[in-house]
Amino acid sequence: MAVLLSPWRLWAVEDNQECTWQVVLNKFETIGKNHGSDRFFEQEPLDTVDNLFGLLVDAPIDPEEKYLGFPYYLKINYSCKGESSEALVRKGHLTGLKPVVLVIFQSPVNFNRWKLEQLQIQMEAAPFRSKAEQCSAEEVCIMSWYTPMPVKNGSVVMRVDVSSNGLGPFIPNKRFLVNINGFLKRQQDNRLQFTVGNELFNLIPRYFVNAPSRPLWYTVDQTPVLILGGIPEEKSVLLTDTSFTDFFLVELSIDSCWVGSFYCPQGNFTATIYDAIATESTLFIRQNQLVYYFTGNYTILHESNQGSESWVRVLPNECIKKLCPVHFHGNGSEYIMALTIGKHEGYVHFGTITVAICSITWAVYTEINYNLLLLVEIEDTAARKYFQMVGYNLGNWGTMGGGLERTADNGREMLLVSLLVNDYLSILYTIPEFIPDARGLEFLMILGTESYTSFPMVPKGMSYNSFNNLLFIWGNFLLQSYDTENFIYLADFPKELSIKYMVNSFHGDIAIVTETEEIWYLVEGSYHVYKLFPSKGWNVYISLQVMQQSSLYASHETMVTLFYEDSNLYQLVYLVNNQQGQLIKRLVPVEQLLMHQQLSDPYSLQQQKSHLKLSFTNFCPFTVMRLRDLPDQKIYTRQELYRAQPPHVLEPSGFHTENSLAVYQGLVYYLLWLHSKYHKPYADPVHDSTWRWWKNKKQDQDYYYYLVSNGKSAGNVHIDMANYKKIYDVKTEYQLPERIFLDKGTSYSFSIFLTSRGHSIKNELEPGNLFQLLSQVDLGVVLADPSCIEAVVRQQVLIKRNSVLFRVMLRDRSVCFDQGISGHHLMKTAMLVKVAGSAGHCVQNTIQGLRMQVLNLGGNLMVPVLIGCPPGKRLAFDITYTLQYNNLQNRHYFDCVHVDPEMPCFLFRDTKLISPPPGFNPLPPTVFHPFFLIQDLVTGESGSFEGSYVLKVVGGGPTLDTIKEYSEEEIYRFNSPLDNTYSLIWTTKNSTATKDLAFNIMSHNMGIEWLCLENSPCHDTVPHSIFAPEFFFKVLVSNRGVDKSTYCDYQLTFLLHLHGLPLNAKRALFILMVSTSVFLGLVILYIIICLLLPLMLKMCNTLRWKINNIMASDSYYSYSSSSIAFSRSSETRFSVDSKVGSKVAVNKAEPEEAAKKSLT
């Protein structure tokens, strides 16, 4: 066996026990309670963390923002065989171990609603002490690590990779599937219940023992919940949201009707669910001849959709004999197909296709080129039956007659397309009536001249890989083809067996299950079929497992299904041990089985001195294989990576609290929220989604560090701004990427280093007396679409090292794709690199066990290639440089009166005069120069867009609230240089036009002049204040059809705010006249007031004097009348009193006179 050099730290494996990560899901209320795992069904963010952020004063956060949290946390532990998990976790924490969690979001199916992106976020787990038990220790007894479990709109499938930070014990990386289960609901008593039926808690042996296995059908990489039927005489299924790491037995709530009649031939009624297919949000089943579907509650996908309330029956007037899956989504949709029986025999509902009198056995849909392949059984006039493969292109279905049938389900509609096809089917291949005679060969090319055996060919189904275009027709034989026309017969598969179903990994491996439950294995690109079970290798492996007392194997077991997960083959098996049954998921060790099988081949004993040496024949042509010169993976994988670490806590032990974990939730949520909001038309000055978060806080980072250094941070947590960012400099791993995205004319290069087995390098004399080094190790590159991509292989022989270095370059030919939106409608193809003679023979020993060389593909290296506009590229309006350039070019810049920093204004000025007066030199017209950026959200690169584009004004209005969309006719009149209705909004000089001359083609650094002619919507704009009129233009920029340098169809729609628009001549004259009149009126009024003011003052004074006099005279007369009356009444009193008074006066006067005399 060939063995690769061990990866780093592999030396530590032998000194450590076998350890593994453990991950469960917890809600916030159950943190630290060790109660188990919560089910992932809640999808809405929580607002319970926002009040905590309000307490974080003097922290680098924006207090005006609203911080939300996710419903769940990931609880992380690890365990080693034979040791207590609690003690191990404490030991790991004390030695510096911190789990690193990488959450990978699967991009959605519906790219019309959600943005396609390959998004990842890496988080460091925070230690947390358990609250479940009282601990007598000083610090900790039981602890775990926690990280937020983020949720992203449009993604219901998430992969969680857990790894170590490099400190503490050695624990291998492990991947977990954490999917949203939309088929659960919470009852009033807070219990969870399935919406599709009732959960059963008893696995009765008769459900599985001796029951035939069945295929597991679903949309690859998109399905969060898998469904598996086939339980005999029960309308129950197995449901799982973790790919059968755990599962549920659910009895479906369907009516179990039977439509058997004279046109629906069925022998008897059965409750068994025969066909079950799972898609991103919907489950499909077939019971008897009826088809049902149930849509889950996935508000994260459909927002307003609340899911189905019950199972919905479709095709009620049809008898369905089989459901056929479509493994890949396409054009933003998922598909299934239904085959009919009875009076409508020969119909397939993908739409409904009517063909000649025949029976359709199987259907395959290729989502890339919209081809439908049908395996049909035809009976000719001589009552002789034969099989044909026919094809139909669904790309033109809209031009043919047919009908539509809609089924409503809680606001959601399912569309069944019915097409009537007569002359549009093409016969692609007629399957031979008998199995060919291979005469001892591994494979045989079917040319029509070969001899045949007496065994009839009985086709039962088809399998198609849309990446490498490899088609299999299977039954009691195997036929494969790359072009659906030329077929190869694989003779290693025995004709006495019959295939029940095939399982494709879509990464180069295929597993085959026969009617007798045998398991066979095939490497795509090779022709040898290997028997895995039962086999000698299987017996050896089982014996070793029994010696190790493994609980995954038993003497009595029944295989339920076989499926691939992350390129690994798994079995779902029902075991019976000591009369106790259990359903388990276990790995099928393909590599070990092949190795044991090779070791069972004849061996030899060689005499070496005094003892014999046991040796086996090694069929692997090389001993060492390495990958070299790998480029930056992010450019080709298009994976966007964010990194978040928990906030620092001030507690000396480093343990977090509920509050600090809640703050961690809010920070991760806000980081992903900034990512989703970054896709806006105006480009930020800094090409980074987190720039706006910290732009006003960076200057204070020393102050924040001072606070945490002195233990004064609010809330006992410190938020380090450097811990929440987007990562661009990811270290390249020494393995080929999972997939490669190629833009127009781009290439991907790498090298393969092979060390030959033995002395296989020799010199060979060529014509011209030149010696050339030749190696027995040959490398081949197989391309699925050689007309679209090309491969160049250069060989360098290293004779001193007995090795060969192959340099491989894969390049796009720039001919097979037009233009598309970023990530949309990508063309699927593949590159297969194979070492001659290595398929199934070369095995490497890694930390995860034996693996096929390379990448588990048995000597073959199959990498999917996606041609088109890669995800993560966008066109943005470079507002910063546009402002700078226009200010410099036009020598002025006047912003609006009410400044909006998110949408700066541009001045509309047209000083161009048709016939200026003599001696008048008008200013040149203001030219608006727009600039755009091509931003790569994956690599962080941002550069000026220098290609060609078409600019159109597609909407507008005087205010933001009155913006309207223009019709196609209006768009033409407002933007086309051919318009003669005086409706142009803008024009440009030195511009070329599109092929139809309808629109101008712009290029870098070209300017436009605003016109707003009399029939345009911006003409004669009424001002709403004393300031000049404003107008908002909705501008569409697209390079489709005019830029040949890329596959990307950059489409950008943004708002452009202009102010200072000119007025209509009549309106301007009217406003001038009204303004002049008002002004003159005010002046005249002022003059009149100034001239008449003295007279008016005199008149006012005179009037006031007269009024005073009148008031004074009135008061005088009233006083006189009252005085006369008073005097009359006083006279009588005075006459009496005067007599007395006179006497007194006389008496007083006498001494006074005497005194005067004495003085004199």
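So, how was this worked out
- Residues numbered from 1 in each chain as written.
- Predicted model: local features only at pLDDT ≥ 70, side-chain atom pairs only at ≥ 80, totals over all residues.
- Heavy atoms only, no water.
- Helix = DSSP H or I, 4+ residues; strand = E, 2+ residues; numbered from the N terminus.
- Buried < 20%, exposed > 50% of the residue type's maximum accessible area, 1.4 Å probe, protein only.
- Contact = heavy atoms within 4.5 Å.
- Areas by Shrake-Rupley, 256 points an atom, 1.4 Å probe, with all protein chains shown as cover.
- Patch = residues over 30% accessible without salt bridge, like charges linked within 9 Å, V, L, I, M, F, W, Y side chains within 5 Å.
- Salt bridge = Lys/Arg side-chain N within 4 Å of Asp/Glu carboxyl O.
- Core = buried A, V, L, I, M, F, W, Y, C linked by side-chain atoms within 4.5 Å.
- Pairing = 2+ DSSP bridges.
- Axes fitted to C-alpha atoms, helices over the stretch in contact; angles between N-to-C directions.
- Expected span 1.5 Å × (residues − 1).
- Arc of directions from axis to C-beta.
- Phe/Tyr/Trp six-rings, centres within 6.5 Å; stacked < 30°, edge-to-face > 60°.
- Lys NZ or Arg CZ within 6 Å of the ring centre and 35° of its normal.

> Is there a simple way to think about the overall build of the protein chain in this case?
In terms of helices and strands, the protein chain carries 12 helices and 74 strands. The 1160 residues of the protein chain split such that 49% are buried. In the protein chain, once contacts between residues fewer than 6 apart in sequence are set aside, the share between residues at least 24 apart is 64%. Carbon together with sulfur atoms contributes 54% to the accessible area of the protein chain, which is approximately 56900 Å² in total.

> Whenever I open this one, a nonpolar patch on the surface confuses me. Can you help?
On the surface, a cluster of nonpolar side chains totalling about 1200 Å² of accessible area is made up of F1079, L1080, V1083, I1084, Y1086, I1087, I1088, L1091, L1092, L1095, M1096 and M1099. Counting through the fold element by element, L1091 comes out in helix α12 (residues 1065-1159). With a relative accessible area of 64%, L1091 lands in the exposed category.

> Whenever I open this one, the nonpolar core confuses me. Can you help?
The nonpolar side chains of a soluble globular protein tend to be buried, and buried together. Membership of the largest hydrophobic core comes to 110 residues, with the highest contact counts inside it found for M149 and V196. Membership of the second largest hydrophobic core comes to 65 residues, among which are W217, V364, Y464 and L490.

> Is there a simple way to think about the environment of Q571 in this case?
Within the secondary structure, Q571 is located in strand β42 (residues 568-577). For the pair Q571 and F244, spaced 327 residues apart in the sequence, the C-alpha separation amounts to 9.8 Å. With residues up to four places along the chain from it excluded, the contact list for Q571 reads I519, W538, M559, T561, L562, I584, K585, R586 and V588.

> For this particular structure, what's the right way to read the pairing of strand β56 (residues 789-798)?
Consecutive residues of a regular strand have side chains that alternate between opposite faces of the sheet. Of the pairings in the sheet, the one linking β56 to strand β57 (residues 803-812) comprises 10 bridges and is antiparallel in character. Each residue of the ladder has a partner; that of V792, found in β57, is M809. With antiparallel pairing between neighbouring strands as the criterion, β56 and β57 make up a hairpin whose turn holds 4 residues, including N802 at a positive phi of roughly 55°.

> Please clarify how the sheet that holds strand β3 (residues 99-105) should be interpreted in this entry.
Two orientations exist for strands paired in a sheet by backbone hydrogen bonds: parallel and antiparallel. Across the sheet, 6 strands lie side by side as β8-β7-β3-β4-β47-β50; this open sheet has mixed pairing. Each of the sheet's edge strands pairs with one partner strand only, and the pair in question is β8 (174-179) and β50 (724-727). Direction aside, the axes of adjacent strands within the sheet are offset by 25° on average. By the bridge criterion, 5 bridges tie β3 to strand β4 (residues 118-124) in an arrangement that is antiparallel. Considered in β4, the bridge of L102 is made with Q122. Lying on the sheet, helix α7 (residues 658-677) is in contact with β3, β4, β47 (639-644) and β50; it crosses β4 at an angle near 160°.

> Looking at this model, I keep getting lost on the sheet that holds β42. Mind explaining?
Strand order in the open sheet formed by 3 strands is β41-β42-β43, and the pairing between neighbours is antiparallel. In this open sheet, the two edge strands, each paired with only one partner strand, are β41 (556-565) and β43 (580-587). Geometrically, the sheet is characterised by an average inter-axis angle of 15° between neighbouring strands, direction not taken into account. Relative to β42, β41 is paired through 9 bridges, and the arrangement is antiparallel. Across the sheet, residue L562 finds its bridge partner in β42, namely Q571.

> It is not clear to me how helix α10 (residues 879-890) should be interpreted in this structure. Could you clarify?
Residues separated by three or four positions in an α-helix point in the same direction, a consequence of the helix having 3.6 residues per turn. Along its 12 residues, α10 runs 16 Å from first to last C-alpha, staying within 8% of the 16 Å computed at 1.5 Å per residue. Listed as buried for α10 are I879, T882, Y885, N886 and N890. Down the axis, α10 shows its buried residues gathered within 130° of arc, on one side only. Seen from the open side of α10, the exposed residues pointing more than 90 degrees away from its buried face are Q884 and L888. Packed against the buried residues of α10 are β62 (873-877), β63 (905-907) and β64 (927-928). Following α10 by one or two positions, R891 adopts a phi angle in the positive range, close to 60°.

> For this particular structure, what's the right way to read the packing of aromatic side chains?
To describe a pair of aromatic rings, you give the distance between the ring centres and the angle between the ring planes. For the coordinates displayed, the defined rule picks out 53 aromatic pairs. Both rings, one in Y521 and one in Y530, keep their centres 6.5 Å apart while their planes meet at 40°; by these two values the pair is tilted. Just as Y521 is buried, Y530 falls in that class too. Through successive ring pairs, a cluster of aromatic residues spans F53, Y67, Y670, W673, W693, W694 and Y724. Geometry around Y570 places K585 over its ring, the cationic atom sitting 4.7 Å from the centre. In this structure, K952 packs its charged tip against the face of F999, placed 4.2 Å from the ring centre.

From the geometry alone we can't say anything about function, so treat these as descriptive.
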